[in-house]
Amino acid sequence: MDLFGDHTIHRRSRHVPRLRTLHPLKWESYLAETSSVQRVDILLSPLLATPFNAARAAVKCVDAARCGAAGLYSDRPPYRGFVRPDVDGLLLSDDQQQWLEAISDLVTKPHLRIALAHAGRERLLNLTKKECFWPSRPVVESCTFTS
C-alpha cells in the first residue's frame, strides 16, 4: 500500500507492514510513479476542512479512474457536488469508523468495488465541458481523457 505524506506521516506509519510512504512529488514524477502501478483497488482521498482544500479541483477522481480504483472521498468540496455518491465514488464524513467500514465493505464485496471503479472511469471518459472538475465554478476550456 502506498501513502503520500511528509516525514511526520512516515514516522507515524513506518511500523505498518507493506506500507510505503512516498513524499510529495513533482507532477511528472507523480505521473511516472502512478503509471507504473499495475492496479489500484481503492484510492482514499481524505481532506481536512481548510480554505486551501476547498479550492482544490476533484483531480483525485482522475487518479482513481486512471488507476482503475474505487474512490473514497471526503464529503466536502471539491468532491461534494462532483462525485455521485454510491455511483462513481463514496463520500465520507471525518469519522474514522465510517472510513474503516467503507474500506472493509469494498475489500469484502469486490462487486461493489468494481462497480464504483467502472462507473468512475466511465464518468471521467465521458465528461462534458460543463462538468470538468469544478461543477460550481466557470467552465474549464477543455477536458481530454484517453482510455
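Preceding this section is the structure that the text describes.
Residues numbered from 1 in each chain as written. Predicted model: local features only at pLDDT ≥ 70, side-chain atom pairs only at ≥ 80, totals over all residues. Heavy atoms only, no water.

Student: Honestly, the packing of aromatic side chains in this entry has me stumped. Any pointers?
Tutor: Each aromatic ring pair is described using two quantities: the centre-to-centre distance and the angle formed by the ring planes. Counted by the stated rule, this structure contains one aromatic pair. The aromatic ring of phenylalanine 82 is capped on one face by arginine 123, whose charged end is 4.5 Å from the ring centroid. (Phe/Tyr/Trp six-rings, centres within 6.5 Å; stacked < 30°, edge-to-face > 60°. Lys NZ or Arg CZ within 6 Å of the ring centre and 35° of its normal.)

Student: Honestly, the nonpolar core in this entry has me stumped. Any pointers?
Tutor: A general tendency of soluble globular proteins is for nonpolar side chains to be buried together. In this structure, Cys61, Tyr73, Tyr79, Phe82, Val83 and Leu124 are the most contacted members of the largest nonpolar core, which totals 17 residues. Ranked by residues supplied to this core, first place goes to helix α4 (residues 59-67) with five residues. Setting aside chain neighbours within four positions, we find cysteine 61 in contact with Tyr73, Tyr79, Phe82, Val83 and Leu124. The next biggest cluster of nonpolar side chains, apart from the first, holds eight residues, and it includes Ala70, Leu90, Leu106 and Leu116. (Core = buried A, V, L, I, M, F, W, Y, C linked by side-chain atoms within 4.5 Å. Buried < 20%, exposed > 50% of the residue type's maximum accessible area, 1.4 Å probe, protein only. Helix = DSSP H or I, 4+ residues; strand = E, 2+ residues; numbered from the N terminus. Contact = heavy atoms within 4.5 Å.)

Student: Can you walk me through the packing of helix α2 (residues 27-35) against α4 in this structure?
Tutor: The relative placement of two packed helices comes down to the angle between their axes together with the axis-to-axis distance. Taken N-terminus to C-terminus, the directions of α2 and α4 make an angle of 35°; their axes are 11 Å apart at the nearest point. When you trace α2 past α4, the crossing you get is right-handed. Facing α2, whose interface residues are Tyr30, Leu31, Thr34 and Ser35, α4 presents Lys60, Asp63, Arg66 and Cys67. Broken down by class, the residue content of the contact of α2 with α4 amounts to three nonpolar, two polar and three charged. (Axes fitted to C-alpha atoms, helices over the stretch in contact; angles between N-to-C directions. Left-handed = near helix turned anticlockwise from the far one by under 90°. Nonpolar A, V, L, I, M, F, W, Y, C, P; charged D, E, K, R; others polar.)

Student: I would appreciate a short explanation of helix α6 (residues 110-125) in the present structure.
Tutor: Each α-helix turn comprises 3.6 residues. Residues three or four places apart therefore point the same way. The end-to-end C-alpha distance of α6, which contains 16 residues, comes to 22 Å, matching closely the 22 Å that a straight helix rising 1.5 Å per residue would cover. Those residues of α6 that are buried are in contact with β3 (42-45), α4, β4 (70-74), β5 (90-92) and α5 (96-108). (Expected span 1.5 Å × (residues − 1).)

Student: So what exactly am I meant to see when it comes to the pattern of salt bridges here?
Tutor: Where charged atoms from two side chains of opposite charge approach closely, those side chains can pair. Applying the stated criterion to the full structure yields eight salt bridges. Across the pair aspartate 41 and arginine 113 runs a salt bridge, and its minimum N-O distance is 3.9 Å. Here arginine 113 lies in helix α6 and aspartate 41 lies in the loop between α2 and β3, a separation of 72 residues in the sequence. A salt bridge links lysine 60 to aspartate 63; the nearest nitrogen and oxygen atoms lie 3.3 Å apart. Pair noted here: lysine 60 and aspartate 63 are both in helix α4, with a separation of three residues, about one helical turn. Classification of aspartate 63 by relative accessible area gives buried; the value is 4%. Each of Lys60, Asp63 and Arg66 takes part in salt bridges that share partners, so that together they form one network. (Salt bridge = Lys/Arg side-chain N within 4 Å of Asp/Glu carboxyl O.)

Student: Looking at this model, I keep getting lost on the pairing of β4. Mind explaining?
Tutor: On any regular strand, side chains alternate: one points to one face of the sheet, the next to the other face. Most of β4 is tucked away: five of the five residues are buried. Sheet topology places β3 next to β4; four bridges connect them, and they run parallel. Residue serine 45 lies in a different strand from β4, and its bridge partner there is tyrosine 73. As paired strands, β4 and β5 are joined by three bridges and run parallel to one another. Note that in β5 the partner of leucine 72 across the bridge is leucine 90. (Pairing = 2+ DSSP bridges.)

Function cannot be read off these values alone, since they describe shape.
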